[in-house]
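Coordinate inspection notes
What follows is the residue order along each chain.
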Amino acid sequence: MTSEGMKKYPRFVAVDKTVFFPTLQKRVSDYFKENNISRNANAAMVIKTIVLLSGFVVPLILMIVLHLKPWAVLTLYTVMGFAKAGIGMSVMHDANHGAYSKNKQVNTWLGYSLNLIGGMVFNWKLQHNVLHHTYTNIHGMDDDIEEKLVLRFSPHSAPRKFHKFQFLYVFFFYGILTFYWVLAKDIIQYYKYRKNGVNRFSTSENRSYFWRMIFLKLFYIAYVIILPIVFQDYSIGLIIGGFLLSHFIGGLVLGIVFQLAHSVQEAEFPLPNESNVIEEDWAVHQMKTTVNFARENKLLSWYVGGLNYQVEHHLFPNICHVHYPEISKIVEETAKEFNVPYLCADTLKKALGSHLRMLKKFGYTFELDVAAM
């Protein structure tokens, strides 16, 4: 990253010094030592990985080797859509944080499951691991709350008149999230991250990466669309329809789950001061900008890869999510001891309601925001 690029990234400087995070880190470390367990994946995680990857690959194989009725094809694409979201939330997510295994090669290869479902690991790591995890909910830094033209996730982004309807049309745009990711987002981010200095590859490395990205995108399109048509002579309309259905399901699930952790009423959206400083300890900042939800829902927790334990994930991204339910007890108790907020919605319904109310609030503050600018 160039020195010019680094200047715009804020620093975290705690006004009130605290030993909250060092204390929490020690307690979590002691938990693993005392129970003699690994921070990485266990047998349950391996089984989940097999189930989710099979949920994406097996339906595709069935469509290629068997000539199925249209309803069966659409059913298999539906399964692929849910599996695609599950892979993104559970398998590739942990792997690309280095949390799945102690073995870097295992993490690398399982991380490539993102490429398998149409994304690109390198871009994702820059957006998620670097920007989102470091500068959570900070306008201009965290791409997850960046204005998406028709969607306004930050109170500090530019308001538009049509945002007042965003709580109504938001789910459609969540549904096209992964489709946009496959076709355009990675290419847009490639140029964006090169320009702003987040991408530190050399010119020759970036040239090579760009053409690999294009090849992998075309390869993905080939095996999810072209192969079923070539081998079983399905109608183009049926396969394109199934492809769009799988992406709509996957995008809808991913869009909702990821936004419930940060784009809700309970979360804060701080700005750096004139010296480009966030006057907060980094860990406390994470506690104020991140919200858990539906921790007692075991089925949901299994499927979303512990993303409903987002507080624990942001504090300990290098720990496999299967351990978050136990770690959350330590985090919550320590937060209470140090008078640090521990934000959590009891149910999925409450979290979703909070998200929609936030969208409605940001959509209906057009006149107020314009007056304040």
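Below is a short write-up of the structure. (Residues numbered from 1 in each chain as written. Predicted model: local features only at pLDDT ≥ 70, side-chain atom pairs only at ≥ 80, totals over all residues. Heavy atoms only, no water.)

Comments concerning the overall build of the protein chain
The number of helices and strands found in the protein chain is 17 helices and 4 strands. Relative to the 2.2 N^0.38 estimate, which gives 21 Å for 373 residues, the radius of gyration of the protein chain is 21 Å and therefore close to what a compact globule would have. Taken along the three principal axes of its C-alpha coordinates, the protein chain extends 65 × 55 × 45 Å. Counting across all 373 residues of the protein chain, residues that qualify as buried make up 52%. Contacts in the protein chain between residues far apart in sequence, at least 24 positions, make up 73% of those at least 6 positions apart. Of the roughly 18,000 Å² of accessible surface on the protein chain, 64% is carried by carbon and sulfur atoms. Side chains of the protein chain carry 37 positive and 28 negative charges; the gap between the two charge centres is 6 Å. (Helix = DSSP H or I, 4+ residues; strand = E, 2+ residues; numbered from the N terminus. Rg over C-alpha atoms; globule rule 2.2 N^0.38 Å. Buried < 20%, exposed > 50% of the residue type's maximum accessible area, 1.4 Å probe, protein only. Contact = heavy atoms within 4.5 Å. Areas by Shrake-Rupley, 256 points an atom, 1.4 Å probe, with all protein chains shown as cover. Lys, Arg positive; Asp, Glu negative; His and termini not counted. Charge placed at Lys NZ, Arg CZ, Asp CG, Glu CD.)

Some points on the nonpolar core
With 32 residues, the main nonpolar core has F56, M63, V73, L114, Y220 and V224 as its most contacted residues. Of all the secondary structure elements, the ones that give two or more residues to this core are α3 (43-65), α4 (70-96), α7 (121-134), α9 (177-196), α10 (203-232) and α11 (236-259). Here this core gets 9 residues from one element, more than from any other, and that element is α4. Apart from the residues within four sequence positions on either side, V73 is in contact with M63, L68, Y234, L238 and I239. Counting 26 residues, the second largest nonpolar core, distinct from the first, contains Y174, F293, A294 and L307. (Core = buried A, V, L, I, M, F, W, Y, C linked by side-chain atoms within 4.5 Å.)

Here's the deal with helix α5 (residues 104-111)
Where α5 is concerned, the buried positions are N107, L110 and G111. The arc enclosing the buried residues of α5, seen along the axis, measures out at 105°, which places them on a common side. Tucked inside the fold, the buried residues of α5 contact α3, α4, α6 (113-116) and α7. Where α5 begins, the capping side chain belongs to N103, and its oxygen is found 2.8 Å from the backbone nitrogen of Q105. (Arc of directions from axis to C-beta. Polar contact = N/O pair within 3.5 Å; in protein donor to acceptor, adjacent residues only side chain to side chain.)

Regarding the state of the cysteines
Here the structure, examined in full by the defined rule, presents 0 disulfides. Take C344: it sits in no disulfide, and the sulfur closest to it among the cysteines is that of C320, at 20 Å. (Disulfide = S-S within 2.5 Å.)

Considerations on the side chain of S246
Summarising the element assignment, S246 is placed in helix α11. Within polar-contact distance, the side chain of S246 engages the backbone oxygen of F243 at 2.8 Å. If we skip the residues at most four places from it in the chain, S246 touches Y77, G81 and K84.

Overview of the side chain of T178
Tracing the backbone shows T178 in helix α9. Residues contacting T178, with those up to four places away along its chain left out, are H247, G250, G251 and L254.

Observations regarding the packing of α4 against α7
With their axes 11 Å apart at the nearest point, α4 and α7 run at an angle of 80° to one another. What the angle tells us is that α4 and α7 run roughly perpendicular. Mapping the contact onto sequence places M92, H93 and N96 in α4 and V121, W124, K125, H128 and N129 in α7. Residues of the contact of α4 with α7, tallied by class, amount to 3 nonpolar, 4 polar and 1 charged. (Axes fitted to C-alpha atoms, helices over the stretch in contact; angles between N-to-C directions. Parallel < 35°, antiparallel > 145°, perpendicular 65-115°, else oblique. Nonpolar A, V, L, I, M, F, W, Y, C, P; charged D, E, K, R; others polar.)

Let's talk about the packing of aromatic side chains
All chains considered together, the criterion is met by 23 aromatic pairs. Centroid distance F122 to Y209: 5.1 Å. Interplanar angle 70°. Geometry classified as edge-to-face. Of this pair, F122 sits in helix α7 while Y209 is found in helix α10, placing the two residues 87 residues apart along the sequence. Y209 matches F122 in its accessibility class, with the two residues each being buried. Between the aromatic rings of Y190 and Y191, the centroid separation amounts to 5.0 Å while the plane-to-plane angle is 80°, which identifies the pairing as edge-to-face. The exposure class of Y190 is buried, given its relative accessible area of 3%. Here K185 stacks its cationic end above the ring of W181, 4.8 Å away from the centre of that ring. (Phe/Tyr/Trp six-rings, centres within 6.5 Å; stacked < 30°, edge-to-face > 60°. Lys NZ or Arg CZ within 6 Å of the ring centre and 35° of its normal.)

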